[in-house]
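The lines below spell out each chain.
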Amino acid sequence: MTVAIQIKVWDKPTRLFHWLTVVLLAGLWWTAEQAYMEWHQVLAYSVMVLILFRLLWGWFGSETARFRHFVKSPRRVLAYTRQLLVTGIKPHIGHNPLGGYMVIGLLVLLMIQLVSGLFASDEVFTEGPLYSSVSAATSQWLTWLHKWNFNLILACSGIHVVAVIGHRVAGDKLIGAMFTGTRHWHETPSQVPPSQLQFTSSWIAWGLLLVIAFPIAYLLIWPVVEWM
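Calculation rules
- Residues numbered from 1 in each chain as written.
- Predicted model: local features only at pLDDT ≥ 70, side-chain atom pairs only at ≥ 80, totals over all residues.
- Heavy atoms only, no water.
- Helix = DSSP H or I, 4+ residues; strand = E, 2+ residues; numbered from the N terminus.
- Expected span 1.5 Å × (residues − 1).
- Buried < 20%, exposed > 50% of the residue type's maximum accessible area, 1.4 Å probe, protein only.
- Contact = heavy atoms within 4.5 Å.
- Core = buried A, V, L, I, M, F, W, Y, C linked by side-chain atoms within 4.5 Å.

Compared with an ideal rise of 1.5 Å per residue, which puts 34 residues at 50 Å, helix H6 (residues 136-169) spans 50 Å between its outermost C-alpha atoms and is within 8% of the ideal. Taken residue by residue, H6 has Ser139, Leu142, Thr143, His146, Asn149, Phe150, Ile153, Cys156, Val164 and His167 as its buried positions. Packing partners of the buried residues in H6 comprise helix H1 (12-33), helix H2 (37-60), helix H5 (97-118) and helix H7 (174-180). The first or second residue beyond H6 is glycine 171, which carries a positive phi of 95 degrees.

Take the nonpolar core next. Of all hydrophobic cores here, the largest spans 37 residues; its most connected members are Tyr45, Met48, Ile51 and Ile216. For this core, the elements supplying multiple residues, two or more each, are H1, H2, helix H3 (67-70), H5, H6 and helix H8 (202-227). In terms of residues, this core owes the most to one element, H2, which gives 11 residues. Residues within four places of isoleucine 216 in sequence aside, it is in contact with Tyr45, Met48, Val49, Leu52 and Ile221.

So, on to the side chain of threonine 143. Counting through the fold element by element, threonine 143 comes out in helix H6. Excluding its chain neighbours within four sequence positions, the residues that come into contact with threonine 143 are Ala120 and Ser121.

If you want it as structure tokens, here you go:
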């Protein structure tokens, strides 16, 4: 006999980070394509706020948001992959081991993108705030890295989307949970029911976000807005 229950999986700060990152990445791509570089910088610094918040939330946030909850050893990931090939996609509380590696990979790529952008130049009007602190050759290399690393971000995002679609076809509805924070869990006698997840107060997240956002807004975003 199967019993369907509804459980809370994702907190509001984690969901907000996910969807704001999606929107901002789309905006960064569009502003770069249209050469709206001032807005490109504003959006990039906004992503910086989100990434710094997510790194801290990965240590102090809710259980499913913490790195220790979803970053597993390579041996565990290989075992999960073998099981996936044999039994197919099964529901998982939070990120599965492969998904956890994808989260870390995307965070690393986003950090590379942000850091390289600080030293980059479009060789016309716009320079990163740390452009003058490195040589012209270094800035040129970091500008190249900034452009090509975004292709890697797009590729990983595409893989992520394909994986989500694969889960949806298998009956594992991941997208809905990232909107609502809850998901249906089907218990059977052979399944171990999920333990009670621990959630950190969202007020702590909002306070943390404010502490991170204020200096970045003052030192990086506001000068660009004034210049615009």
